[in-house]
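Structural features, examined
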Amino acid sequence: MSHPMHKDYTGAKLGMWLFLFTELLLFSGLFLLYAVYLRRYPHEFTTAGKQLNWVLGSANTVILLTSSLFAAMAVTAAQRSEARRAVGLIGGTILCATGFMIIKYFEWSAKIGHGIYPGSEHLKAGAPGESVFFGLYYMTTGIHGLHVLIGGGLLAWIAAKVKGGSVNAEHFVLLENGALYWHLVDLIWIFIFPLYYLIL
Amino acid sequence: MNQVEQADIPAAGGFWNDTGKRGITAWIFSTDHKRIGLLYLYSVFGFFLVGAVLGLLLRIELMAPGRTIMNAQTYNALFTVHGVVMIFLFIIPGFQGSFGNLVMPIQIGARDVSFPRLNLLSWWLFIIGAVIIVVALFTGGGPPDTGWTFYVPFSSRTGTNVSLAVFGVFVIGFSSILTGLNFVTTIHRLRAEGMSWSRVPLFTWSLYATAWVQILATPILAITLVLVMAERLLGTGLFDPGQGGDPIMYQHLFWIYSHPAVYIMILPAMGVISDIVPVFSRKPIFGYKMIAFSSLAIAAAGSIVWGHHMFTSGMSDTAVLVFSFLTFIVAIPSAIKVFNWVSTLYKGSISLEAPMLFALSFILLFSIGGLSGLILGAAATDIHVHDTHFVVGHFHYVMFGGAGFAFFAAMHYWLPKFYGRRYAEKPAVIAWALMFTGFNILYFTMQVLGMRGMPRRYYDYLPEFAPLNLVATIGSWILAAGLVLMVINLFRGLFKGAEFSGNPWGGATLEWSVPTPPPSENFLQEPVVTHGPYDYRGAGIP
C-alpha cells in the first residue's frame, strides 16, 4: 500500500515473457496429444481434417495477422504520444477479434449442426480416431477462442488507460505487454491452422 | 554501511503497525510481502492441520482389519482429500508462499517483490481455489474418491464431485505460476548493490530453482485438469479407449507436472536446511557453489523423470529403461547436498537448538526417503513394491520427514524474527523428540508393510498385516502428540514468549541485519552487500 511503485520496465517485460511461456506450455499439452494420436490414427485424422472448412480457417488467419499488425502499430503510436491513434488502432485489433469470433461461431455451429461435437452419437458411431480428432479440435480451438476473448478484454481495458493518459509515451509497458499477449494468441493460431485445416 | 548497527535500532513493532490501517483489511489487501507471507503461513498451516487430522483418521481405520471407524466409501474419500489437501493446499504453496514471501526479498536486499499486487492476487487465487475445493467436498456427489492423482477412467466416471475439486486445483495452479514468475523476476531484478549471484543465500537460490519448476511444469497440469473436466462434462473421450483415446496419455500429462511438483515441495526445504545448518555449526557452508548448482540440477533433471510413476502401466521396455536411468541421475545432485551439509557439520561448533534439531532430522529422514526412492526408481524392484505401503512410506519420508520437518525448522528459525518474540526451548525439544520418534515408528513400519506386500489405498487387509498396522497407528499418535505440543509452544511463544531481538542465532544473511520485526520496506537505508551469506566474520559475529 505504502509502496512507491518504482517502475521497472525490464522487470515488467521479463514477467510478461515468463507468463507467455506458461501459455505456450499450456497449449503444448494439446499439441503433444495431437502428435501422439496423429501417429496412432493417421487415416482417421486425414478424413476428419478434410471436413474442416479451410476457407473460413484462412480468413481467420488473415484476420488475426491483421489484428496483430494493428496491435504493434498501437504500441508505436503510444510511444509517439499519439494517444488518439493508439486507441483507434487498438479498436482495430478488437474489431478483428470480434470478426474472428463470429467466423468461429459459424464454423462451430455448422459442425454441431452436422452432429459433430464432443460426445455426439454421430462421432461415437464413427471411427474412434475421428472422435479423438474432433475432441482435440474443439478443445484446442475452444481454449484458443477463450484466449481471444481474454485478449480482447485486456486490450479494451488498456485502451481506456491510453485514453485516460495513464498509459503514455513514458509508461507504455502495459500496452506493450498487452500487445505481446495478443501476438501470442496470434502465434498459437498460426500453429493450429495448418495442423488442423491444411496438412491433412 | 554497518549492518549490525541497523539491527540494533528498535523497530517499535515494525511492519505490524506502521501501515496506518487496522483490522482484517490491512492484511487481506496488503501488498507487503511480509504480510502476504504470514497470510500464506496461516492458511497453509491451517490446511496442514486439517490434513493431519484426516491422516490420523485413516491410520485409526487401518489399526485393525475390517471396519474400524468408517465405511469403505468414506475411507476412499478421506485418503483422496488427505492427499489433495496436503499436496495442493499445504506443501506446494507452502514454502514459496509463506517463507519465500517472508524472507526472500529481505535476503536479496529488496524492499518488496517485483509485482506486489500480483503477489497479493496469488494469495487470493490460492484462497479461492481452496474454497472451491472445500465446497467440492460438501456438494454434488460428495468428496472425490479417486486418489489425489485423479486417474482416468475412474475420475471421468465416478459420480463424486471431481469436476469442481479439479477446478479448484486449476485455480491454485494459476496462483503457483504467478508466484513463480514473480520470484524469478524479483531475484533477477531487485538484488541490492553488491548482491552478486555468488552472494545470494542458498534459500533464495532454492526458491529460484523452484520458481522455474513452477513456471515450466504447472501449465501442463492446468491443461490436464481442463481435459479431465471436458471428459466429464462434454464427453470428449480423449482419455477414453472406447472413443479412441488413451488413459496412459492422462498419466503422462499428469506426471509431467506432478513429478516436477515433487521438487517444488522439496527444493525450498533443502534451501532452508542449507541456511540453518551453517548458522548452528558456526561455519561457512561447505561447497556453496555446488549446493546452488545442485538446486538447478535437481530442478532440471527432476523434470524429465515423470515416467518412473508408470513402470507398471504398460510403457515400452525402452521407455522404462530410459526413465529408470534418468531417475537415478536425480540422486547425484541430491547426494551432493547431503554430503555438503554433513561436511559443514564436520568440526563445526554445533549448537543443538530447536531449528537445528529439525534440520538434522531432515538430513536423516530425507536420506532414508531418497534411498528408498532408488528402490522404486529401479524398474525391477519397483514392479514388486509398486502401489504398496512401501511407496506411501517412501514419499512420506521425503514429503513429511523432508519438506514437513524443514517447514517446522523454518518456523522455529525465522518466525521469531517476524514476531519479536520466541518459543520456549525445552518444550520445543520435547515436541521434536516426540515427532521424530513417532514419525519413524509410523513410516518405517509402513515401508516394512509394503515390502511384505500390503497394498496402498486398500480399505481392508489380511490378518497377517495386523500387528504392524497397529504399531504404525501407535506411531501416528506419538507423532500427533508432538505436533500438538509444537503448535501450542510455537504460537504461544510468538505472542507471549521471551523477547527476541537483534541477531541471536548469529546469521550472516541480510534478514538478520534488519530491525526485529522488520519495518514495512525492510531496510531503513538501502543495503550494500559487502560479504557472502555465510561469511560470519563479515557480519561482525565471531
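This text gives an overview of the structure that appears in the document. Since this is a predicted model, take the numbers as computed values, not measurements.

1. A short note on the overall build of chain A
When you go through chain A residue by residue, the secondary structure sums to seven helices and zero strands. Each helix and strand of chain A, ordered N terminal to C terminal, gives the series α-α-α-α-α-α-α. If one aligns the C-alpha atoms of chain A with their principal axes, the spans along those axes are about 60 × 30 × 30 Å. Of all 200 residues assigned to chain A, the portion counted as buried reaches 48%. Contacts in chain A between residues far apart in sequence, at least 24 positions, make up 82% of those at least 6 positions apart.

2. Some words on the interface of chain B and chain A
Contact residues are listed per partner, giving 40 residues for chain B and 36 residues for chain A. Between chain B and chain A, the buried area comes to about 3300 Å², and carbon and sulfur atoms account for 72% of it. Here chain B and chain A share two salt bridges between them. Measuring nitrogen to oxygen at the nearest pair gives 3.0 Å for the salt bridge that ties B:Asp246 to A:Arg40. Here chain B and chain A share seven residue pairs in polar contact (both at pLDDT 80 or more) between them. Of all the elements in the fold, those that place two or more residues in the side of chain B that touches chain A are α7 (162-189), α8 (202-233) and α9 (247-281) of chain B.

3. Let's talk about the environment of A:Pro194
Residues and elements named next belong to chain A. With respect to the secondary-structure elements, proline 194 resides in helix α7 (residues 173-198). When the C-alpha atoms of proline 194 and histidine 183 are compared, they prove to be 17 Å apart, with eleven residues separating the residues in sequence. Every residue in contact with proline 194, bar those within four places of it in the chain, is listed here: Trp189 and Ile199.

4. Here we look at the pattern of salt bridges
Note on pairing: side chains with opposite charge can pair once their charged atoms come close. Enumeration according to the criterion identifies ten salt bridges over all chains in this entry. As a salt-bridge pair, A:Asp8 and B:Arg189 come within 2.8 Å of each other at their nearest N and O atoms. Of this pair, A:Asp8 sits in the segment before α1 (9-40) while B:Arg189 sits in helix α7, placing the two residues on different chains. Among the salt bridges present, the one from B:Glu425 reaches B:Arg422, with a minimum N-O distance of 3.0 Å. For B:Glu425, a relative accessible area of 24% translates into the label partly exposed. Residue B:Arg422 is classed as buried on the basis of its relative accessible area, which comes to 18%.

5. Observations regarding the side chain of B:Thr236
With respect to the secondary-structure elements, B:Thr236 resides in the loop between α8 and α9. Note on B:Thr236: relative accessible area 1%, which makes it buried. Of the polar contacts made by the side chain of B:Thr236, one reaches the side chain of B:Glu231; its length is 3.4 Å. In contact with B:Thr236, not counting residues within four places along its chain, are A:Pro118, A:Ser131, A:Gly135, A:Met139, B:Ala230, B:Glu231 and B:Gln243.

6. Looking at unusual backbone geometry
All names here are of chain B. The linkage connecting valine 152 with the following residue, proline 153, adopts the cis geometry, with an omega of 0 degrees. A cis amide bond links threonine 516 to the next residue, proline 517, at an omega of -15 degrees. Along the chain, proline 517 falls in the segment after α16 (466-496). Notably, lysine 347 is not glycine yet its phi reads approximately 60 degrees, a positive angle. Looking at the element boundaries, lysine 347 is found in the loop between α11 (317-345) and α12 (354-377). Residue classification places lysine 347 among the exposed residues on the basis of a relative accessible area of 71%. Residues other than glycine seldom take positive phi values, yet asparagine 522 does so here, at roughly 70 degrees. Tracing the sequence through the fold places asparagine 522 in the segment after α16. The buried category is assigned to asparagine 522, whose relative accessible area is 0%.

7. Digging into the packing of aromatic side chains
Two aromatic rings are characterised by how far apart their centres lie and by the angle between their planes. All names here are of chain B. Evaluation of the coordinates by the stated rule reveals 76 aromatic pairs over all chains. On the basis of an interplanar angle of 85 degrees and a centroid distance of 6.0 Å, the ring pair of tryptophan 205 and tyrosine 208 is categorised as edge-to-face. Note that tryptophan 205 and tyrosine 208 are positioned in helix α8 at a spacing of three residues, about one turn of the helix. Each member of the pair, tryptophan 205 as well as tyrosine 208, is classed as buried. With 5.6 Å between their ring centres and 70 degrees between their planes, phenylalanine 405 and phenylalanine 439 make a pair best called edge-to-face. With phenylalanine 405 in helix α14 (residues 389-419) and phenylalanine 439 in helix α15 (residues 425-451), this residue pair connects regions lying 34 residues apart in the sequence. For the pair phenylalanine 405 and phenylalanine 439, a shared accessibility class is recorded, and that class is buried. Above the face of the tyrosine 423 ring, arginine 422 is positioned so that its terminal group lies 5.0 Å from the ring centre.

Calculation notes
The residue numbers shown here count from 1 along each chain, following its written sequence. The naming scheme follows written order: chains are lettered A onward, ligands numbered 1 onward. Totals for whole chains, interfaces and linings use all residues, but because this is a predicted model, local features are given only for residues with pLDDT of at least 70 and pairs of side-chain atoms are given and counted only at 80 or more. To get the side-chain values, all heavy atoms of the structure are used, and hydrogens and water are removed first. A run of DSSP states H or I qualifies as a helix once it reaches four residues; a run of E qualifies as a strand once it reaches two. Both are numbered from the N-terminal end. Summary of the burial criterion: residues with accessible area below 20% of their type's maximum are buried, those above 50% are exposed, and those between are partly exposed, where the area comes from a 1.4 Å probe applied to protein chains only. We call two residues in contact when some of their heavy atoms are within 4.5 Å. Accessible area that two parts lose when put together, evaluated with a 1.4 Å probe and summed over both, is termed the buried area. Salt-bridge detection follows one rule: a side-chain nitrogen of Lys or Arg within 4 Å of a carboxyl oxygen of Asp or Glu. We define a polar contact as two N or O atoms separated by no more than 3.5 Å, with the added condition that, inside protein, one atom must be a possible hydrogen donor and the other a possible acceptor, whereas residues neighbouring each other in sequence contribute only through side-chain atom pairs. Two aromatic rings from Phe, Tyr or Trp, using only the six-membered ring of Trp, form a pair when their centres are within 6.5 Å; if the ring planes differ by under 30 degrees the pair is stacked, by over 60 it is edge-to-face, and anything between is tilted. As a reminder, the over-ring test applies to NZ of lysine and CZ of arginine, requiring each to be within 6 Å of the ring centre and within 35 degrees of the ring normal.

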